[in-house]
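# Residue-level structure breakdown
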Amino acid sequence: MSKRIFIDGNINSELSIIAVDGQEINYFDYSDDLATSKKNNIYLGIISRVEPSLQAAFIEFGSEKKAFLPFDEIHPSYFKIPHNEKIFTNNEKSNDIDDEKESKKHFLSFYRRYKIQDVIKKDQVLLIQIVKEERGTKGAAVTTFISLPGRYSVLLPNNSSTGGVSKKISNPLDRKRLKKLHDNFNLPEGMSLIIRTNAISAEDEDIIADFNFLRKLWTRIREDTLKSKAPILISELDTPIIKVARDFNQRSIEEIIFSDLKTMKLYKKLEKDFSVKSKKKIIHHDDKLPLFESYGIKNPLHSLTEENIYLKSGGYLVINPTEALTSIDINSGRATAEKNIEITALNTNLEACNEIFKQIQLRNIAGLIVIDFIDMNINSNNIKIERKIKELFFRDKARVQITKISQFGLMEISRQRIGQSIYETFYNKCYCCGGSGFKKTKSIIIHNIISYVMGINAINNKDDIEIQIDENFYNENLKEINRKIKSIKPLFKVNFVKSSIPKDIYQFDNDIINKVNNYNKEIIEKNKTDDTSNEKSYRRKIKKKSN
């Protein structure tokens with residue numbers, strides 16, 4: 001099957017990217033002016049506040065929310081201390097576990113000598129990198145230890161405490177070859193390099209070219225920093241088009257098809273920077289038909305937001321996201337082709353595993369994921385499902401932890417957050433339900449209005465009252481509201497003021513509502529019964545009977 005990448009940038013400020021294997025979509029990314037990722041971006045920021053109680057600083061970097069910078073993420077070169085105390089080097093660079101542990105101990109002991117308020121001051125300027133993006137009310141998490149990712153390596157220009165060959169490269173011959181190449185780079189003091197797993201199949205000259213590009217990038221960042229005034233964006237490292245040029249295995253991609261010339265020219269420039277050698281075709285799609293549809297591919301923008309995902313066998317998944325947890329429920333649906341219920345459950349679960357992995361990748365779901373599999377009675381079938389999930393997620397770029405299937409048929413997966421999910425990109429909180437997913441029915445809204453009117457009547461109010469009410473709701477339910485108010489026979493006249501308040505539907509005067517609430521509290525306190533006396537008398541009766 002042909003592997004192709006489609007990059008659609010016809011609509012101004014929007015960019016949709018999908019990678020396909022035949023007709024099967026296995027990668028999706030989307031960005032526009034409102035939904036851009038800030039992760040890994042480098043900024044020149046100013047310390048707006050130092051917080052001793054948290055041993056952290058808050059950074060102004062050009063966003064509405066201040067970024068959070070922990071003390072141990074501040075490079076010693078920024079400390080306001082004598083220069084000879086800032087020296088923090090790891091003289092012997094090695095990949096051995098003992099040396100790495102020793103390096104971490106040395107690092108932590110250095111930071112234990114100081115308090116953030118003694119060495120870091122307000123209005124100090126720092127070069128920072130986004131580690132975690134803003135989420136909800138939380139600001140971004142940042143670090144001053146910069147990392148520059150390339151195709152085959154990651155350059156750590158101001159961090160000498162780590163480096164070498166990635167731990168994921170387990171083959172001794174590969175490790176030996178790459179370690180020898182790493183040692184020949186002769187890195188300056190204070191700088192280190194990690195060779196990525198992509199380098200296993202790369203030629204030495206490609207890895208050297210990648211390293212040279214990262215060195216030039218760091219030089220350019222330093223030059224831009226010296227010329228800039230904080231707060232300002234210095235460099236973007238993870239735009240969708242950069243990720244395609246850097247992270248995809250270009251040798252296996254046969255074609256990259258663009259819908260606009262501007263994006264295609266930008267990609268060609270990036271391809272030269274990353275020194276990728278390949279025979280793939282770069283094609284400009286100039287047909288009037290939409291890019292994806294003209295190649296027989298369904299636009300993922302229309303399907304990725306669906307809650308129900310249907311399987312070929314007739315079963316289906318139900319995906320429900322919350323703030324920190326996503327639940328995935330598997331149902332057999334119309335899957336009735338097998339001989340018995342156990343085989344049906346096993347085959348539906350196995351088919352669902354592939355679709356779950358695909359949806360998690362495409363939607364970029366992270367955090368805690370709970371999968372409710374169809375119950376199976378034979379333990380060996382549960383083991384097959386666990387093995388299948390582990391095989392699939394072994395290919396995942398994010399760090400993943402997987403539990404076994406519990407006695408309730410649940411599997412928990414913890415997945416590293418490596419970018420915005422489609423739920424953060426495509427959705428805003430509902431102005432009616434506030435993100436809870438529930439909107440009150442008209443009957444309960446009318447009941448609440450009548451309850452307040454009855455409460456006002458109970459405090460012997462004789463002055464006319466005004467109720468602001470949503471115009472559309474009032475026009476639809478006028479007869480029912482007036483009929484119920486007449487049945488109460490209030491001592492006052494109720495006047496409805498029509499306005500546009502679709503979220504709250506109705507609003508009473510706050511003063512009169514407070515009077516009603518205080519009156520209700522007094523009644524409740526007055527009518528409380530003392531249960532302890534009844535309990536004691538009951539116990540005495542029991543004792544008498546026992547005697």
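Note: the structure precedes this text.
On to the sheet that holds strand β2 (residues 15–21). Reading across from one edge, β3-β2-β1-β14-β15 is the order of the five strands in this open sheet, with mixed pairing throughout. Both edges of this open sheet fall to β3 (24–31) and β15 (281–284), since each of them pairs with a single strand only. This sheet shows a mean twist of 15° between the axes of neighbouring strands, independent of strand direction. Note: β2 against β3, seven bridges, orientation antiparallel. Across the sheet, A19 pairs through a bridge with Y27, a residue of β3. Sheet contacts for helix α6 (residues 240–247): β1 (3–8), β2, β3 and β14 (255–258); angle to β2, the most-contacted strand, approximately 30°.

Among soluble globular proteins, nonpolar side chains are generally buried collectively. Core analysis: the biggest nonpolar cluster contains 69 residues, and I5, I7, I59, F79, I120, L127 and L148 have the highest contact counts within it. At seven residues, the largest contribution of residues to this core is made by helix α5 (residues 204–227). Aside from chain neighbours lying at most four places away, what touches I7 is L15, S16, I17, I241, V244, I256, I257, F258, S259, T263 and L291. By size, the runner-up hydrophobic cluster in this structure holds 40 residues, among which are I18, I25, Y30 and I371.

Moving on: the pattern of salt bridges. A complete count under the given rule lists 12 salt bridges for this structure. The shortest N-O distance in the salt bridge between K243 and D29 comes to 3.4 Å. Note that K243 is positioned in helix α6 and D29 in strand β3, a separation of 214 residues in sequence. Linked through salt bridges whose partners overlap, the residues forming this network are R196, D238, R246 and D247.

Once that is clear, we can look at the environment of R177. Structurally, R177 is set in helix α4 (residues 172–183). On the basis of relative accessibility, which here comes to 29%, the residue R177 falls in the partly exposed class. The spacing of R177 and I200 is 23 residues in sequence and 9.3 Å in space, taken between C-alpha atoms. Sequence-distant contacts of R177, defined by excluding residues within four places in its chain, comprise A199, I200, A202 and D204.

Cut-offs applied
- Residues numbered from 1 in each chain as written.
- Predicted model: local features only at pLDDT ≥ 70, side-chain atom pairs only at ≥ 80, totals over all residues.
- Heavy atoms only, no water.
- Pairing = 2+ DSSP bridges.
- Helix = DSSP H or I, 4+ residues; strand = E, 2+ residues; numbered from the N terminus.
- Axes fitted to C-alpha atoms, helices over the stretch in contact; angles between N-to-C directions.
- Contact = heavy atoms within 4.5 Å.
- Core = buried A, V, L, I, M, F, W, Y, C linked by side-chain atoms within 4.5 Å.
- Buried < 20%, exposed > 50% of the residue type's maximum accessible area, 1.4 Å probe, protein only.
- Salt bridge = Lys/Arg side-chain N within 4 Å of Asp/Glu carboxyl O.

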